[in-house]
Amino acid sequence: MMTRMNLPAGTPDPMALVETQNLVKNYELGGETVRAVDGVSLSIERGEYVAIMGASGSGKSTFMNMIGCLDIPTSGDVRIDGIATSDRDGNALAELRNQKIGFVFQQFNLLARTSALDNVAVPLIYAGLRGEERKAKAKAKLEDMGLGDRLDHSPAKLSGGQQQRVAIARALVTEPLILLADEPTGALDSKTSEDIMEIFQALNEQGITIIVVTHEAEIADRAKRRIEFRDGKVIEDVAVSNREAARP
């Protein structure tokens with residue numbers, strides 16, 4: 001199988017769904033320059049299930065924001081499905097996010113006074129779909145998440161696990177290539193966390209590329225590959241050898 005190791009330096013990887021080349025992100029804090037991400041080059045192929053780990057301040061969240069097209073690198077490049085992001089403006093990046101990436105966050109980020117159905121339909125507004133088509137697609141995704149009887153419920157009427165399943169349905173409704181999850185179980189109890197990770201596992205088995213940012217070893221053990229950050233650099237990039245033991 002071809003890998004980055006077989007390619008000349010600087011050559012885009014034709015197999016990569018996500019690729020970064022010498023990625024750098026600097027911040028100015030207190031008159032000093034802090035390098036949050038420091039020259040990271042890696043690729044993630046279609047169908048992978050990757051856990052990105054690291055302590056607070058390690059650079060993992062900054063890295064996630066850049067591969068999610070939520071933040072702009074100081075230097076270096078990010079490619080999503082072969083598309084370079086460095087020369088795209090804010091509108092173009094928003095379009096790329098909507099087409100290629102679904103997001104799941106720790107705190108769910110649902111609209112408080114809006115039904116589950118309408119929360120899931122929001123990304124389809126930006127995709128240009130009409131009202132009835134939006135509702136039909138949103139309903140189907142909520143049913144996939146086992147929430148067909150909760151379509152009209154606002155977030156306040158849903159448990160934490162149900163809210164996260166709404167958030168996953170919202171992330172999937174545009175049929176993205178990548179599901180990018182930032183500490184997706186951080187606000188959930190252990191049993192509910194297991195349920196959510198089983199959903200991710202099933203989605204990956206269906207072919208969706210999963211990238212989970214986490215500081216929890218138990219969550220990382222569900223992935224197929226673990227990438228660990230420290231001081232803005234990748235210090236470990238390995239296959240998860242004990243993954244089968246982590247399965248329920």
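See the structure printed just above.
Right, let's walk through the structure included here. (Residues numbered from 1 in each chain as written. Predicted model: local features only at pLDDT ≥ 70, side-chain atom pairs only at ≥ 80, totals over all residues. Heavy atoms only, no water.)

1. Overview of the overall build of the protein chain
Right, so step 1: Broken down by element type, the protein chain carries eight helices and ten strands.
Right, so step 2: Compactness check: the protein chain gives a C-alpha radius of gyration of 18 Å against a globular reference of 18 Å for 248 residues, within 12% of the reference.
Right, so step 3: Judged by the C-alpha coordinates and their principal axes, the protein chain covers about 50 × 45 × 45 Å.
Right, so step 4: Burial statistics for the protein chain: of 248 residues in total, 49% are counted as buried.
Right, so step 5: Excluding contacts between residues fewer than 6 apart, the proportion of contacts in the protein chain whose partners are at least 24 apart in sequence is 67%.
Right, so step 6: Roughly 12000 Å² of accessible area belongs to the protein chain as shown, and the carbon and sulfur atoms make up 47% of that amount.
Right, so step 7: Across the protein chain, the 29 positively charged side chains and the 36 negatively charged ones have centroids separated by 4 Å. (Helix = DSSP H or I, 4+ residues; strand = E, 2+ residues; numbered from the N terminus. Rg over C-alpha atoms; globule rule 2.2 N^0.38 Å. Buried < 20%, exposed > 50% of the residue type's maximum accessible area, 1.4 Å probe, protein only. Contact = heavy atoms within 4.5 Å. Areas by Shrake-Rupley, 256 points an atom, 1.4 Å probe, with all protein chains shown as cover. Lys, Arg positive; Asp, Glu negative; His and termini not counted. Charge placed at Lys NZ, Arg CZ, Asp CG, Glu CD.)

2. Looking at the sheet that holds strand β1 (residues 16-29)
Right, so step 1: Strand order in this open sheet of four strands is β2-β1-β4-β5, and the pairing throughout is antiparallel. The open sheet is flanked by β2 (32-45) and β5 (83-84), the only strands paired with a single partner.
Right, so step 2: Looking at chain direction, strand β4 (residues 75-80) and β5 are connected through two bridges and run antiparallel. Counterpart to Ile-80 in the pairing with β5 is Ile-83.
Right, so step 3: On top of the sheet, helix α1 (residues 60-67) reaches β1, β2 and β4; it is set at about 125 degrees to β1, its chief contact. (Pairing = 2+ DSSP bridges. Axes fitted to C-alpha atoms, helices over the stretch in contact; angles between N-to-C directions.)

3. Thoughts on a nonpolar patch on the surface
Right, so step 1: On the surface, Tyr-27, Leu-29 and Val-34 cluster together into a nonpolar patch covering about 250 Å² of accessible area.
Right, so step 2: Mapped onto the fold, Leu-29 is located in strand β1.
Right, so step 3: Residue classification places Leu-29 among the exposed positions, given a relative accessible area of 53%. (Patch = residues over 30% accessible without salt bridge, like charges linked within 9 Å, V, L, I, M, F, W, Y side chains within 5 Å. Salt bridge = Lys/Arg side-chain N within 4 Å of Asp/Glu carboxyl O.)

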